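Observations on chain architecture
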Amino acid sequence: MGQTLSICMIVKNEEANIATAIESFLPVADEIIVNDTGSTDGTLEILQRYPKVKFIENKWENDFSLARNQSLEHATGTWILFMDADDVIPEDQVESLKQLTQQDLDRVFSFEVINTQAGLAIGAVFSQIRMFPNHPELRFRRKIHEQIVFAVQNLGLKQVRTDVQIWHTGYEDEEMRKQKAQRNLDLLLLEPDRGKDPVISTQLGDSYAILEQHTQAILAYKEVLEIPNSKQLNYDAWQTSILAIGKSFFRLKEYKEAQAWYKQALENDKNSLEATFHLGEAHYFDNEHAIAKPLLYKSLELGVEKSTQAQNYNVIRMYVYEFLCNILYREKEYAAALEIAKKFKEEFPMVIETSFWLGKIFLARRQYAKAIYYLEQGIAKDELLSREAWLALITAYELSGNHIKMQEAKTRMERALAPDNAEDTDILLSVCMIVKNEEKYLSKCLEAITGLWDELIVVDTGSTDNTVSIAQSFGAKVVQFPWVNDFSAARNKSLAEAQGKWIFWLDADDVLLAADKDAIKKLVESAVANEAYSFLIKNSQDIGLTGAVFNQIRLFPNNNQIRFEGRVHEQVMPSLQKLKIPVKFLSIKVIHTGYTDFATIKEKQQRNLKLLEKDIVLDPKNVNAMKYYTMGNAYLDLGEYENAIKWYSKSMERAEKVGEDQHLLKMAPVKIAEVKAQQGNLQEAYDILSQYIQRNSLLPAARLVFAQILKTMDLPTDAAHIYGTLMCFQEEPTLTPVDYVQMKVEACKFLSVYWHERQQVALAVDILKMGLAVGKGEIVHGASLAALYFDLELYEYTEPILATATMIEANAENTLALAKVYIMSNKIEESLGLLEMGAKKYPQNEELVYLYKELKSDLGLK
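Predicted, not measured: the structure shown is a model, and the values here were computed from it.

What follows covers the overall build of the protein. Scanning the protein from N- to C-terminus turns up 38 helices and 16 strands. Considered along the principal axes of its C-alpha atoms, the protein spans approximately 115 × 80 × 60 Å. Scored against the burial criterion, the 862 residues of the protein give a buried share of 53%. Residue pairs at least 24 apart in sequence account for 63% of intrachain contacts in the protein once pairs closer than 6 positions are excluded. Working note: accessible area of the protein is about 39,600 Å², and carbon and sulfur atoms make up 50% of it.

Shown next as structure tokens:
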């Protein structure tokens, strides 16, 4: 008779796993020894079904080695294979295992243990001695993370690493994983060899990391490095600890510190997959994609490492593919992105995101049929895959011309992604407000929204006037909430009270015009589920005729995970970003009447400044570029210029480093230049904006400040050129306030005086009339001013206006007009190039095509 195999196990309350485990063991085991340490469920009844199973019972003594060794005492096989109740031997590993049982008894065998994810062998991989001869001196040591290796070394047995796989399913449940980590932690802290054996401190760090106690984890991992000769004692534990310190810093979002540790690990082993990937990952999250990309590509070339420590080979490759797809897609390298996405799909066909990436990339390449195929494939596997995936599918159907399918996809998305807390409600729209002593404004606000809402929630934070009675007279549900110097807290109270499918929030000094109220009503009746909407907010004292305009998210789904953040200038954007809910910018206006005079502004900014400072000090983890920018605005309004520059600069640094609030990278330099100008540092302000406008030529706020600086520097002609271009801009979505009417009125005033001083009286009068029309709310386009200049052969002034108009809206009319100016200015080459492009793009415009042919003929060109 040949050599035999005993499988030895310890169990307790494993009825959910034990049958699957035993069934997989039967083809290789001659006997299965099960040590039950106190099961109270159906584990023992299940074991009785299997003749090969011999079970013994012992009291649990908080000692895994003791329980393991108790099972070994009853084994009769030549070889021992120790297993857990949540282990499985895959069918394709059976023959390899059987062959090992016939090997010489002077060795032990390590197997590749793979933690499964979603039932698939794609999780962490580590080597572990699992099979050894049945010898009375081969016994486990340690109460937790029990080890046989000490006994192996004492007997001088050879350690042979094999490719045989064992699947471990016990870490699929995150809650169970944390429970096990806490249990392990309690036992590891009592280990007498802690501080001597690197493995114990590594395991201690792993337990802290699973419990998300990352600072403690770092201290535990550093213990490994402090053990004398730890590198020689256990290289795997030593190298893994260096990597693990980096991972803990990474989870604390200290990316630079993480990078330093990963680099150290990579210096130790230049072909380390883990070190290469995690260094690339840290640069990726630090928004350093140019550095991350080659490291991620290199990670794909590296194979799995044999180690006693867990190696996340498959998980790493999935993340590498995901990160590369994202980087290449952002860089519009669609061919390279497609190649990576295809490899991702080929290697991990079970991963739903592979279908999403292929669909998204094909959509960008305008291959709509393929995009639809892959997006539908992904959504079929999981309707809750991604809002972005649904929106990509809707877009693909729309661009392919299949509007019926587009509407069907919208309906399917709304059904699949309906917010949990609004599924069964008949209330469509909840208007949510916070108020305190707002009797001056509230009636006008509520009159304007009559007939819009299905539910009106008003949170009162301590009114002593008639605010509450006014709100109740309009049918509002009034909720009392104490003021705690936190606007988000009050806003979130109003959201918690809302029952509607959609939330629309207002301030008491907001007013809606009838057309905008109707637009909102139609929007909520047809809006896409789980999409948020940003409206134009206009600070105005004349029912929206004049005033600064900016964008603000005002309408979003009623979802208990969407909440405001920040004690002042509260935002829902962070919540939306976490949930990956897209924001659509619309031209619907809300008139905000609260900022009436400088004294009021100053009072509010002083209040805001205190709340912002408190926010930054007490909640540093939630500080963002927008808070820094808002600090700058507060200091600017209060005339504290150096502080304003400081906070605008911090806002830029944060936005650039972290990659958040990218629009602030455009606005902060403009504000710094504005402050410099107010300080009298005109040349510095000029230098900032002259370079800035070359890169961001279509930001009206930048042009306005630049024009004002040129005027103050006594450069009237340069100022006239810039002021003229301001007439091309119309109100549009923007994240920072711009008063388009006042901007254009100022331009007309300056230009009128400018031309009057140059004896162009009729022109000055015409421009003054334009300014009066703008002030009355009429739409005046830059083309009107350009036409006046052109008729007077003032081509030097005409050109910048038409060039700007063409950049804002490239159409046949603007192209033709600019080409004519180039011809009259004797810029023939520029005109020819522009007309050639226009003739190809607008062949239906006969005048443009004719002028192009005539110019070519005059130049002797075919």
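Still to come is the rest of the account.
Let us now look at the packing of aromatic side chains. In total, this model carries 37 aromatic pairs according to the counting rule given. Between Phe277 and Phe323, the aromatic rings sit 6.2 Å apart at their centres with planes inclined by 5 degrees, giving stacked as the arrangement. In this pair, Phe277 sits in helix H12 (residues 273-285) while Phe323 sits in helix H14 (residues 313-330), placing the two residues 46 residues apart along the sequence. In this structure Phe323 comes out as buried when scored by relative accessible area, which is 5%. Among the aromatic residues, ring-to-ring pairing joins Phe250, Tyr255, Phe277, Tyr284, Phe285, Tyr319 and Phe323 into one connected group. Taking the ring centre of Phe150 as reference, the NZ or CZ of Arg141 above it sits at 4.3 Å.

Before going further, it helps to spend a moment on the pattern of salt bridges. Throughout the structure, instances matching the rule amount to 37 salt bridges. A salt bridge links Asp193 to Arg141, with the nearest nitrogen and oxygen atoms 3.2 Å apart. With Asp193 in the loop between helix H6 (174-188) and helix H7 (198-210) and Arg141 in the loop between strand E7 (125-133) and helix H5 (149-155), this residue pair connects regions lying 52 residues apart in the sequence. A relative accessible area of 40% places Arg141 in the partly exposed class.

Between helix H30 (residues 700-712) and helix H32 (residues 740-757), the shortest axis-to-axis distance is 11 Å and the interhelical angle comes to 30 degrees. When the interaxial angle is binned, H30 and H32 end up roughly parallel. Seen from above, H30 lies across H32 with left-handed handedness. Here H30 contributes Pro700, Leu704, Gln708 and Lys711 to the contact with H32, which in turn contributes Tyr740, Met743, Glu746 and Phe750.

This part takes up the side chain of Glu455. Checked against the element boundaries, Glu455 lands in strand E10 (residues 455-460). One buried charged residue, Glu455, remains without a salt bridge, the closest side chain of opposite sign being Lys477 at 5.5 Å. Side-chain polar atoms of Glu455 contact the side chain of Ser430, separated by 2.5 Å. Those residues in contact with Glu455 that sit more than four places away from it in its chain are Ile427, Leu429, Ser430, Val431, Glu497, Ala498, Gln499 and Gly500.

A few words on the nonpolar core. One finds Phe556, Leu689, Tyr723, Leu751, Trp755 and Tyr789 to be the most contacted residues of the largest nonpolar core, which totals 112 residues. With residues near it in sequence (within four places) discarded, Leu689 still touches Val670, Ala673, Ala702, Val705, Phe706 and Ile709.

The next point concerns the sheet that holds strand E6 (residues 107-115). Read from one edge to the other, the open sheet built from 8 strands follows the order E3-E2-E1-E4-E7-E6-E8-E5, with strand pairing classed as mixed. On the outer flanks of this sheet lie strand E3 (53-57) and strand E5 (87-88), each paired with one strand and no other. Inspection of the sheet shows strand E1 (residues 5-11) paired to strand E2 (residues 31-36) by 6 bridges, in the parallel sense. Following the sheet pairing, Ile7 is matched in E2 by Ile32.

Positive phi, normally seen in glycine, also occurs at Asn437, with a value near 50 degrees. Its location among the elements puts Asn437 in the loop between strand E9 (429-435) and helix H20 (442-448). One non-glycine residue with positive phi stands out, namely Asp714, at about 60 degrees. Tracing the backbone shows Asp714 in the loop between H30 and helix H31 (716-725). Among the residues examined, Asp714 registers a relative accessible area of 61% and is labelled exposed.

Turning to the state of the cysteines, a few remarks are in order. Using the criterion set out here, one finds 0 disulfides in the structure. Between Cys445, a cysteine without a disulfide, and Cys432, which holds the nearest cysteine sulfur, the sulfur-to-sulfur distance is 13 Å. For Cys445, a relative accessible area of 1% puts it in the buried group.

For helix H23 (residues 514-526), with 13 residues, the first-to-last C-alpha span of 19 Å sits near the 18 Å given by 1.5 Å per residue. Looking only at H23, the buried set comprises Asp516, Lys517, Ile520, Leu523 and Val524. Around the axis of H23, the buried residues are gathered within 125 degrees of arc, so they sit on the same side. Among the exposed residues of H23, those oriented more than 90 degrees off its buried face are Ala514, Ala515, Lys522, Glu525 and Ser526. Contact partners of the buried residues in H23: E9, H20, strand E12 (502-506), strand E14 (532-539), strand E15 (548-557) and strand E16 (583-592).

All right, on to the pairing of strand E8 (residues 158-168) then. Here E5 runs beside E8; their pairing, made up of 2 bridges, is antiparallel. Pairing of Asp87 across the sheet is with His168, part of E8. Sheet analysis places E6 next to E8, joined by 8 bridges and oriented parallel. Looking across to E8, one finds that Ile114 is bridged to Trp167.

Moving on, we come to the packing of helix H16 (residues 352-364) against helix H17 (residues 368-381). H17 packs onto H16 with a crossing angle of 160 degrees between their chain directions and a minimal axis gap of 7 Å. Here H17 runs roughly antiparallel to H16, going by the angle between their axes. The way H16 lies across H17 gives a crossing that is left-handed. In this structure, H16 contributes Ile352, Ser355, Phe356, Leu358, Gly359, Lys360, Phe362 and Leu363 to the contact, and H17 contributes Tyr368, Lys370, Ala371, Tyr374, Leu375, Gln377, Gly378 and Lys381. Tallied by class, residues from the contact of H16 with H17 come to 9 nonpolar, 4 polar and 3 charged.

Mapped onto the fold, Ile404 is located in helix H19 (residues 403-416). Residue Ile404 is classed as exposed on the basis of its relative accessible area, which comes to 64%. Expressed as a C-alpha distance, the spacing of Ile404 and Gly170, which sit 234 residues apart in the sequence, is 47 Å.

Note that strand E13 (residues 510-511) and E16 share 2 bridges and pair antiparallel. Within E16, the residue paired with Val511 across the bridge is Ile591. Inspection of the sheet shows E14 paired to E16 by 7 bridges, in the parallel sense. In the sheet register, Tyr533 faces E16, and the bridge partner there is Lys584.

Another aspect to go through is the sheet that holds E9. Spatial ordering of the open sheet is given by E11-E10-E9-E12-E15-E14-E16-E13, a layout of 8 strands whose pairing is mixed. Edge positions in the sheet fall to strand E11 (477-480) and E13, since each of these pairs with one other strand and no more. Those strands touched by H23 are E9, E12, E14, E15 and E16, and its axis lies near 150 degrees from that of E16.

The rules behind each value
Residues numbered from 1 in each chain as written. Predicted model: local features only at pLDDT ≥ 70, side-chain atom pairs only at ≥ 80, totals over all residues. Heavy atoms only, no water. Helix = DSSP H or I, 4+ residues; strand = E, 2+ residues; numbered from the N terminus. Buried < 20%, exposed > 50% of the residue type's maximum accessible area, 1.4 Å probe, protein only. Contact = heavy atoms within 4.5 Å. Areas by Shrake-Rupley, 256 points an atom, 1.4 Å probe, with all protein chains shown as cover. Phe/Tyr/Trp six-rings, centres within 6.5 Å; stacked < 30°, edge-to-face > 60°. Lys NZ or Arg CZ within 6 Å of the ring centre and 35° of its normal. Salt bridge = Lys/Arg side-chain N within 4 Å of Asp/Glu carboxyl O. Axes fitted to C-alpha atoms, helices over the stretch in contact; angles between N-to-C directions. Parallel < 35°, antiparallel > 145°, perpendicular 65-115°, else oblique. Left-handed = near helix turned anticlockwise from the far one by under 90°. Lys, Arg positive; Asp, Glu negative; His and termini not counted. Polar contact = N/O pair within 3.5 Å; in protein donor to acceptor, adjacent residues only side chain to side chain. Core = buried A, V, L, I, M, F, W, Y, C linked by side-chain atoms within 4.5 Å. Pairing = 2+ DSSP bridges. Disulfide = S-S within 2.5 Å. Expected span 1.5 Å × (residues − 1). Arc of directions from axis to C-beta. Nonpolar A, V, L, I, M, F, W, Y, C, P; charged D, E, K, R; others polar.

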